[in-house]
Amino acid sequence: QLWENSERVSAREAASSCFAAAAVLLATKTITAEEMIQAVPWNVVIYVAALIGFASGINVSGAGEVIGEWMIDFGESVGLGAFGLCVLHMLLCQLVSNFMSNNAAVVILVPIGMSVATLTGVDPFALGLASVISINTAFITPISSPMMSVTLQAGFRFSDYVKGNLILNVCTFLATILALYMFYF
C-alpha cells in the first residue's frame, strides 16, 4: 500500500533520464564518448539481447502463460491466495536461478510472473520486483552469477557453496517475503 498513491515512472521517462544524464556527463567532459562506449559490457548486451529473443519465443508460443496457469492451478489446489502464489513464483525463481545465469533467469521468469499477475489480479510491479530480487539472491550454487563462478578457481568445491550459502539464501528469501507482505499485501 506504500506505492498506492505514487505514480510509476514509465520506461520512456526512465530512458529519457538516462540519456539526459549521459548528455550531461559528455557536455561537462566528465567522460569522453570513447570512454563511455568502452565502459559498456558488450558481451552482456549481446547475451541479454539473445535472451530477449528466447523470452519472446516463450511468450509468443504461449509457454509462459501455460506455466503461469499451471502455477495458478497448483496454487488453487493447495489453497494459496495471491500472496501464496507470489511466494510460489519466488521459489520457482530461486530454484531456476541457482542452475542458470541470473540474466537468463530474469528474461525467462519475469514474463511468467507477469502472466501470473495478469491472470490473478496481483500487482505486476510487486510480482516483478519479487521475481528479480529472488533471482538475484539465489547463490546456493556458483552457476547463478559470473562472480561466483570466478571463485571456483580458488579451489572451492560445489558442495562448499551449498554449505556456505544455504542459510544466507534462506534468510534473503524470507526477508524478501516479509518486505513484500509489508509493502504490497
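Each value, and the rule that gives it
- Residues numbered from 1 in each chain as written.
- Predicted model: local features only at pLDDT ≥ 70, side-chain atom pairs only at ≥ 80, totals over all residues.
- Heavy atoms only, no water.
- Core = buried A, V, L, I, M, F, W, Y, C linked by side-chain atoms within 4.5 Å.
- Buried < 20%, exposed > 50% of the residue type's maximum accessible area, 1.4 Å probe, protein only.
- Helix = DSSP H or I, 4+ residues; strand = E, 2+ residues; numbered from the N terminus.
- Contact = heavy atoms within 4.5 Å.
- Salt bridge = Lys/Arg side-chain N within 4 Å of Asp/Glu carboxyl O.
- Axes fitted to C-alpha atoms, helices over the stretch in contact; angles between N-to-C directions.
- Parallel < 35°, antiparallel > 145°, perpendicular 65-115°, else oblique.
- Left-handed = near helix turned anticlockwise from the far one by under 90°.
- Expected span 1.5 Å × (residues − 1).
- 1 Å grid on protein atoms, 1.4 Å probe; cavity = no way out; pocket = protein on both sides within 12 Å on 5 of 7 lines; lining within 4 Å.
- Points joined across faces, edges and corners; volume = space filled by probe spheres on them.
- Nonpolar A, V, L, I, M, F, W, Y, C, P; charged D, E, K, R; others polar.

Draft legend 1. Spotlight on the nonpolar core. Ranked by size, the top nonpolar core spans 21 residues in total, and within it Met90, Leu109 and Leu180 carry the most contacts. Listing elements by their share of this core, those giving two or more residues are α4 (63-77), α5 (82-97), α6 (102-120), α7 (124-136) and α9 (158-184). Sequence-distant contacts of Leu109, that is, excluding residues within four places in its chain, are made with His89, Leu92, Cys93, Val96 and Ile135.

Draft legend 2. How the structure looks around the pattern of salt bridges. Taken as a whole and assessed by the stated rule, the structure comprises one salt bridge. Ionic pairing is found between Arg157 and Asp160, a salt bridge with its closest N-O pair at 3.4 Å. Accessibility expressed as a relative area gives 52% for Arg157, which makes it exposed.

Draft legend 3. Up close: the packing of α5 against α9. The interhelical angle for the contact between α5 and α9, taken along N-to-C directions, is 150 degrees, at an axis separation of 11 Å. Judged by the angle between their axes, α5 and α9 are roughly antiparallel. As α5 packs across α9, the resulting crossing turns out to be right-handed. Facing Phe83, Cys86, Val87, Met90, Leu91 and Gln94 of α5, the residues of α9 in contact are Asn169, Phe173, Thr176, Ile177, Leu180 and Tyr181.

Draft legend 4. Highlighting helix α1 (residues 11-27). Taking 1.5 Å of rise per residue, 17 residues should cover 24 Å, and α1 covers 24 Å from first to last C-alpha, within 8% of that figure. Lys29 sits one or two positions beyond α1 and adopts a positive phi of about 55 degrees.

Draft legend 5. View of the layout of surface pockets. Each pocket or cavity is described by its volume, and for the largest pocket that value is around 200 Å³. In terms of lining, the largest pocket is formed by 13 residues, of which the most central are Gln94, Leu95, Asn98, Ile140 and Asn169. Those elements giving two or more residues to the lining of the largest pocket turn out to be α5 and α9. Top contributing element to the lining of the largest pocket by residue count: α9, with six residues. When grouped by side-chain class, the residues that make up the lining of the largest pocket number nine nonpolar, four polar and no charged.

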